[in-house]
Every structure is written in C-alpha cells, then in structure tokens.
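# Structure assessment
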Amino acid sequence: MSPVSGWRENLRAVYMFAFMFVALAVVGVFQSWSLALAILNLCLISAVMSLGVNIQWGYAGLFNIGIMGFAALGGVTAVLVSIAPVPAAWEAGGFGVIVALAISLATILAAVFVARRAPAGIPRKVLLAFIIIGGFFLARAFFFPAVEAIEAVDPTIAGFLGGLGLPILLSWVAGGLLAAAVAWVIGKIALGLRTDYLAIATLGISEIIIAVLKNEDWLARGVKNVSGLPRPVPYEVDLQQTLWFQDWAARLGVSPVEISSIFVKLCYAGLFAIVLLVVLWLSERALHSPWGRMMRAIRDNEIAASAMGKDITGRHLQVFVLGSAVVGVAGAMLTTLDGQFTPASYQPLRFTFIIWVMVIVGGSGNNWGAVLGGFVIWFFWIEAEPIGLWLMDLLTSGLAQDSPIRRHLMESAAHMRLMIMGVILLLVLRFSPRGLIPER
C-alpha cells in the first residue's frame, strides 16, 4: 500500500469515529445526556467483544458462533467473584458439592491416565467403563442431596452458594481467565473440525453453557437471576447526599439527581475506555508482530503454512483462547454495568449475530475497524426505534391522527430495528465489502 493510500485510510477512520461521537452528541442534545452516555458505555463493551471475535476470525479465520456462551461465562464470573457467600447454604450443602466436584475431577484424570497408559484391548475398555460409570454415580450420590439442601435455603432471595465477596473489578480478569480455560477445553476437542462443523460445535457448546446457567440454581440462582451486584463506581443516592457533590451541582446550575446519573455513567465510561484501550493496544501489537503475520499466513493458506513447519492446530488453539478471553472480559463488564445476572437474556441474536455484524461492518482483520463496528452497530441498534418513530411520523404527517394506517405504522416502528441492521449490512457489503476500515 502506498503512503498516500495509507494516509487516506487513516483520515477516513478519523472521520468515521468523529461522526460517531457527533451522533452521540446529537442524542445528548435532542434526547438526554444520560441516554447518550448509556449508549456510549454499551458501545465500549461491544467494541471489546468485537475485538475478541476479530482476533479469532480476522487473525486466524476461526468461525466461532458460540460467542454467547463465553460472554455468559464472563457474566457468571462477576457473580461468583463479587457476591458475598451465603453461610447457611454452605453449611447445608457446600461440602457435598465440593466432594462431588473433586470426585468428578478425579474421575476425569483417572480416565485420561488409563486411556494413555494402559495397553490397548478389552481390559482397558472395561477399566475405563468402570472408572467413568463408578465416578458418575459416586459424584451423583454427593451432588444431588447437596444441591437440594442449598436451593432450599431461603429460595426467594438466596438458594445458592454465593460468591467470594471480592471487588467486582477482579471479576473482569477472572471472567477472561474462566472463558479462556473453557475455550482451551473446547478447542482441544473441536479445532480439528472443518470450518462449518466448528461453527456448529461452538454454537451447541454455548447453548449447553446457557442451559447449565439457567438450570443450576445452586450456582447463580438460574432463571431467578442475581441482582444487586456490587458496583465499582459510587451510587447515585450516595452522591446526592454528599456535600461536595451538592455544591458542585449548584455551581453547574443543575439538580444533584440529574447530574449524579451522568457522573456515574462517566465513571463507568472511564473504566470501560481503559479496558478497551488496553485490549486494543495489545491487539495492535500482536497483529503487527511476527506472531500476527504468522497467523494471517495460516489464515490465508493453511497448506503453505504447514509446509513451512507451522503448528496449525496449536496456533488455532492459541488464538481461540485469546479471543474467548477478551469476550469473557466484555461479558463480565456488561454484567457489572447491568448490576444483575440474567441467564435468560443471553440470546444468539444479541450476543452472536450482532457481534458478527460489528466485525463484518467495521472491517474483519482490522482492530480499529472492529472497534468502529462496535460503535456503529450498537448505536443504531439502540436508536433504531426512535429513528423509526420519527420516520413514520414524518411519512404519515399528512394523515389524520386517528387514521388506521398511521396508527399501524406508528405501532410497527419499534420493529424496524432488524430492518435497519439489515440495511446497514447490505449497504456496507455493497459499497465497502471489506468493511468501513478494511484490513491493510
């Protein structure tokens, strides 16, 4: 690429990011600054998640559509790290759960040891069957009575073991580590599959993760949800009762109630921006390093890279784990922002399809493009309904207020979200098929 072309692409990226911040400012002026900052926070989290998918697809061409599962793992980590433990639940069944998990782990290790060390033949198969079946029923004997006792402890507000009671910011790191650990296990099993089978496998495994989180109430209350998570920023009520904050609001000429919401959202935006910048900086360093060039060589031609002595499966596992870790961090950030963990909200439409659209629209293989895609898609995902209402009101302005056609169109405006997403995707694929900021 010539220096002039590179300069033009950089200028184009600056213009696009400037347009997004102007759009957020327009929302702040014509709707509310609190809404604009709420959209900004979700855009920042979406950009982090988009970077994680870009690491897998843009760097290595791994078609992972199990993003939802890794985001949920990050979310449940926020609960397990930050919520205080429930002593009564631990007394009722904590020991039984620990014993059952220890037996399960010992069963897996014993089965792996026998499968690798015992001589092949019928005796090895019989021994493996005995270990697996015996371990299953032994763990079951401890697990189910313990779970029943735990879920019977004040089920309206508890019914689970709780967490570690640590600062919730630690869950962002822990969420990435848990997602990475699960991705390693999945990768060892599934990364040898062809691209389409890999996609099916990751989708199925993510659905299994969501099903476990929905049904295992002893872990995180299942569909009863966990609310009231600790926050890394002040509470609005506490700020409103603080003298320095009241004086500051008076000098600005606004009410403490209004400015407290904006202040809290700015604090969240600062934390999320730090994480995004760190992940973006590390991603850029990795992409432009010899490791990044090797990954792109594997993506473009696996046969040639293998002929040069590259470990294709090993590198795929490496990049799969890294991308999943970033998605796990974003999942923990989102749960922190929401202040609650709701497994039923993890839907493929939001946590898989939308994230993939962000990467495609922004520019696969370009980290800055992934960030821009996160901002663009999430902004229009949220603002699609107001835009639809405005558009329908404009188109039906000549009709009577009680006109059936006008009423039907105004009621249907809320459903324009998916249509707007489709239009954006089609326009980008038509006029900029490699994304808004293409890979160089």
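Keep in mind the model is a prediction, meaning the values are calculated, not measured.

The rules behind the values
Residues numbered from 1 in each chain as written. Predicted model: local features only at pLDDT ≥ 70, side-chain atom pairs only at ≥ 80, totals over all residues. Heavy atoms only, no water. Helix = DSSP H or I, 4+ residues; strand = E, 2+ residues; numbered from the N terminus. Buried < 20%, exposed > 50% of the residue type's maximum accessible area, 1.4 Å probe, protein only. Contact = heavy atoms within 4.5 Å. Areas by Shrake-Rupley, 256 points an atom, 1.4 Å probe, with all protein chains shown as cover. Lys, Arg positive; Asp, Glu negative; His and termini not counted. Charge placed at Lys NZ, Arg CZ, Asp CG, Glu CD. Phe/Tyr/Trp six-rings, centres within 6.5 Å; stacked < 30°, edge-to-face > 60°. Lys NZ or Arg CZ within 6 Å of the ring centre and 35° of its normal. Salt bridge = Lys/Arg side-chain N within 4 Å of Asp/Glu carboxyl O. Axes fitted to C-alpha atoms, helices over the stretch in contact; angles between N-to-C directions. Parallel < 35°, antiparallel > 145°, perpendicular 65-115°, else oblique. Left-handed = near helix turned anticlockwise from the far one by under 90°. Nonpolar A, V, L, I, M, F, W, Y, C, P; charged D, E, K, R; others polar. Expected span 1.5 Å × (residues − 1). Bend = angle between axes of the 7 residues up to and from the residue. Domains from an automatic or database assignment. Buried area = accessible area lost by both parts, 1.4 Å probe. Polar contact = N/O pair within 3.5 Å; in protein donor to acceptor, adjacent residues only side chain to side chain.

For the rest of this paragraph, the subject is the overall build of the protein. Per the secondary structure count, the protein includes 18 helices and two strands. Viewed in the frame of its principal axes, the protein has a C-alpha envelope of about 80 × 60 × 50 Å. Taking all 440 residues of the protein together, 47% fall into the buried category. At a minimum sequence separation of 6, the contacts of the protein that also span at least 24 residues come to 80%. When the accessible surface of the protein is summed, it comes to about 22100 Å², and 71% of that surface belongs to carbon and sulfur atoms. Looking at charge distribution, the protein has the averaged site of its 28 positive side-chain charges lying 13 Å from that of its 24 negative ones.

A word on the packing of aromatic side chains. Per the stated rule, a full pass over the model turns up 20 aromatic pairs. Aromatic pair F17 and W368: ring centres 6.1 Å apart, planes at 85 degrees, arrangement edge-to-face. In this pair, F17 sits in helix α1 (residues 3–30) while W368 sits in helix α16 (residues 367–395), placing the two residues 351 residues apart along the sequence. Taking the relative accessible area as the measure of exposure, F17 reaches 16% and is therefore buried. Residue classification places W368 among the partly exposed positions, given a relative accessible area of 41%. The rings of W244, F245, W248 and F263 are connected pair by pair, giving a single aromatic cluster. Its end group placed over the ring of Y235, R231 keeps NZ or CZ at 4.6 Å from the ring centre.

Tracing the chain through its elements places M392 in helix α16. By relative accessible area, M392 is classed as buried at 13%. For the pair M392 and M333, spaced 59 residues apart in sequence, the C-alpha separation works out to 35 Å.

One pass over the full model with this rule turns up four salt bridges. We note a salt bridge from D217 to K224, for which the minimum N-O separation is 3.8 Å. Notably, a salt bridge pairs R299 with E439, separated by 3.2 Å at the nearest N-O pair. With R299 in helix α12 (residues 290–300) and E439 in the segment after α18 (416–431), this pair connects stretches of sequence that are 140 residues apart. On the basis of relative accessible area, E439 is assigned to the buried category, the value being 16%. Linked through salt bridges whose partners overlap, the residues forming this network are R299, D300 and E439.

It is worth spelling out the packing of helix α3 (residues 67–82) against helix α14 (residues 312–338) at this point. The interhelical angle for the contact between α3 and α14, taken along N-to-C directions, is 50 degrees, at an axis separation of 7 Å. Relative to α14, the element α3 is oriented oblique. When the axes of α3 and α14 are compared, the crossing they make is right-handed. Across the interface between the two elements, I67, F70, A71, G74, G75 and A78 of α3 pack against F320, S324, V327, G328, G331, A332 and T335 of α14. For the contact of α3 with α14, the class distribution of residues is seven nonpolar, six polar and no charged.

Take helix α4 (residues 87–117) next. When the terminal C-alpha atoms of α4 are compared, their 43 Å separation across 31 residues agrees well with the 45 Å that a helix rising 1.5 Å per residue should span. Taken as a whole, α4 carries its principal kink of about 60 degrees at G93. Those residues of α4 that sit buried are A89, G93, G94, G96, V97, V99, A100, I103, T107, A111 and V114. Of the surrounding elements, those touching the buried residues of α4 are α5 (122–151) and α8 (217–220).

At their nearest, the axes of α16 and helix α17 (residues 404–412) sit 8 Å apart, and the two run at 165 degrees to each other. Classified by the angle their axes make, α16 and α17 are roughly antiparallel. Pair α16 / α17 crosses with right-handed handedness. The segment α16 lies against α17, with L389, M392 and D393 engaging R406, L409 and M410. Partitioning the contact of α16 with α17 into residue classes produces four nonpolar, no polar and two charged.

The next point concerns the domain arrangement of the protein. Taken as a whole, the protein is organised into domain 1 (3–85 + 162–431) and domain 2 (86–161). Put simply, the middle of domain 1 and the middle of domain 2, counted by C-alpha atoms, are 35 Å apart. Contact with domain 1, which involves 14 residues of that partner, is made by 15 residues of domain 2. Buried surface at the junction of domain 1 and domain 2, summed over both partners, amounts to about 980 Å²; 60% is from carbon and sulfur atoms. Among the residues of domain 1 in contact with domain 2, P85, W218 and R221 are the three that bury the most area, contributing 62% of the side total. Inspection of the domain 1/domain 2 interface yields zero salt bridges. Counting across the interface, domain 1 meets domain 2 through seven residue pairs in polar contact (both at pLDDT 80 or more).

Before going further, it helps to examine the environment of R8. Considering the arrangement of structural elements, one finds R8 in helix α1. Sequence separation of R8 and I108 is 100 residues, and the distance between their C-alpha atoms is 56 Å.

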